[in-house]
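# Tertiary structure, described
Each chain, written out:
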Amino acid sequence: MTLKAKIHVIATAINFTVLTVSAHAARPDSIGHGSFVVIVGNTERLAFAADSRAIDDRFGYRFDDECKATTLGDKGLFAEVGLDTIQRPKAVGIARNVFNDLTTKLNHRTPTEQDLIELEQRWGREMRELLLGMGFDRVASAADIDIFNNSIFATKLSSGLLGLLQVDLILNRAKRTISVETRWLPVTTQTHFIAFGKTEIFKEFLFDKSSKRAKDEFAKFNTLNIPRNSGQFAEWLVSMTIKYDARSEVGGPIDSLEIDRRSGIAKWVRGKQACQQ
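Definitions and cut-offs
Residues numbered from 1 in each chain as written. Predicted model: local features only at pLDDT ≥ 70, side-chain atom pairs only at ≥ 80, totals over all residues. Heavy atoms only, no water. Disulfide = S-S within 2.5 Å. Helix = DSSP H or I, 4+ residues; strand = E, 2+ residues; numbered from the N terminus. Buried < 20%, exposed > 50% of the residue type's maximum accessible area, 1.4 Å probe, protein only. Polar contact = N/O pair within 3.5 Å; in protein donor to acceptor, adjacent residues only side chain to side chain. 1 Å grid on protein atoms, 1.4 Å probe; cavity = no way out; pocket = protein on both sides within 12 Å on 5 of 7 lines; lining within 4 Å. Points joined across faces, edges and corners; volume = space filled by probe spheres on them. Nonpolar A, V, L, I, M, F, W, Y, C, P; charged D, E, K, R; others polar. Expected span 1.5 Å × (residues − 1). Arc of directions from axis to C-beta. Contact = heavy atoms within 4.5 Å. Phe/Tyr/Trp six-rings, centres within 6.5 Å; stacked < 30°, edge-to-face > 60°.

## Looking at the state of the cysteines
Under the definition given, this model contains one disulfide. The residue that forms a disulfide with Cys 67 is Cys 275, at a sulfur-sulfur distance of 2.0 Å. Given an S-S torsion of about -85°, the disulfide between Cys 67 and Cys 275 has left-handed geometry. Note that Cys 67 is positioned in the loop between strand E7 (61-63) and strand E8 (69-72) and Cys 275 in the segment after strand E15 (266-270), a separation of 208 residues in sequence.

This is how it looks when you write it as structure tokens:
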């Protein structure tokens with residue numbers, strides 16, 4: 001997966017792009033069966049927002065209480081797209097444990113870039129062991145594509161900058177293995193908009209802006225004077241997908257979180273009580 005700056009192309013299957021407005025859109029409608037996570041931000045602040053819906057087609061179940069984004073103590077953010085209702089809580093638990101271990105190891109000092117890379121790699125290894133322990137066939141049968149999970153960590157680094165790191169879990173069906181890939185996502189002075197999962201409405205509202213509903217909704221939103229690098233804006237983008245998703249695959253309460261460069265403090269903007277434990 002590559003990063004290309006200022007190319008006006010929406011991401012396709014294995015391509016991650018940065019637009020002039022700037023955006024990253026993960027493989028559309030392929031990860032998380034309708035899940036939707038948005039990240040907005042710049043060098044001063046990063047914000048995550050996520051829907052809460054999970055759908056199990058096998059039994060016709062729909063759940064609206066999933067925790068797809070959460071804080072890691074008071075110094076980090078975590079979000080994931082692509083896991084099921086059994087795997088996701090375990091992924092969140094592992095993320096909290098490895099981040100807590102890192103904080104303890106550093107005696108509460110700010111992590112370096114290498115510390116964050118090692119944290120993500122450990123998370124990836126533990127997730128791989130967990131998933132393979134559940135059975136490769138079970139994991140593979142539930143995955144529409146080989147890159148079946150995107151997870152993102154954010155924290156303030158010892159350089160004084162905000163770090164945003166992505167990890168992908170990738171199936172190798174021929175070898176019956178799961179590999180882990182990590183990459184830095186750009187954090188610049190220009191506000192970026194990043195989306196994972198079901199991204200068509202996200203693209204319509206941020207880049208097309210030609211539809212009547214996009215124009216009408218933005219006209220109403222612009223009267224609120226909400227910063228574009230805030231949790232409230234990320235939340236609004238998720239709410240538009242919930243409102244206009246014809247298949248209702250995105251839904252439920254919206255969780256939103258922020259971390260800012262000056263304090264390095266991660267906080268909830270809005271969240272389900274169960275997700276804040």
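Next, the rest of the story.
## Concerning the side chain of Thr 191
Structurally, Thr 191 can be placed in the loop between strand E12 (177-184) and strand E13 (192-197). Residue Thr 191 is classed as buried on the basis of its relative accessible area of 18%. A distance of 3.2 Å separates a polar atom in the side chain of Thr 191 from a polar atom in the side chain of Asn 42.

## Description of empty space enclosed by the protein
The full count for this structure, using the stated rule, is one cavity of 30 Å³ or more. Here the largest cavity is characterised by a volume of approximately 40 Å³. Forming the boundary of the largest cavity are Ile 39, Val 40, Gly 41, Asn 42, Leu 46, Leu 164, Pro 186, Val 187, Thr 188, His 192 and Ile 194. Mapped by element, the contributors of at least two residues to the lining of the largest cavity are strand E4 (36-41) and E13. It is E4 that contributes the most residues to the lining of the largest cavity, three residues altogether. Residue composition of the lining of the largest cavity, grouped by class: seven nonpolar, four polar and no charged.

## Remarks on helix H1 (residues 87-105)
An ideal rise of 1.5 Å per residue puts 27 Å on 19 residues; H1 measures up with 27 Å between its terminal C-alpha atoms. Along H1, the residues that are buried comprise Gln 87, Arg 88, Ala 91, Val 92, Ile 94, Ala 95, Val 98, Phe 99 and Leu 102. Within H1, the buried residues cover an arc of 160° as seen down the axis, which keeps them to one side. Facing away from the buried side of H1 by over 90 degrees, the exposed positions are Pro 89 and Thr 104. Looking at the packing, one finds that the buried side of H1 touches strand E6 (54-56), E8, strand E9 (76-81), helix H2 (113-134), helix H3 (136-142) and strand E10 (147-156).

## Things to note about the packing of aromatic side chains
On inspection of all chains with the given rule, the structure shows 13 aromatic pairs. Following the ring pairs from residue to residue traces out a cluster consisting of Phe 193, Phe 205, Phe 218, Phe 221, Phe 233, Trp 236 and Tyr 244.

## Overview of the side chain of His 192
Here His 192 shows up in strand E13. In this structure His 192 comes out as buried when scored by relative accessible area, which is 5%. Of note is the side chain of His 192, whose polar atom sits 3.3 Å from the side chain of Thr 188.

## Thoughts on unusual backbone geometry
The phi dihedral of Asn 107 falls on the positive side, at around 55°, and the residue is not glycine. Summarising the element assignment, Asn 107 is placed in the loop between H1 and H2. Positive phi values are uncommon outside glycine, yet His 108 reaches one of about 70°. Relative to the assigned elements, His 108 resides in the loop between H1 and H2.

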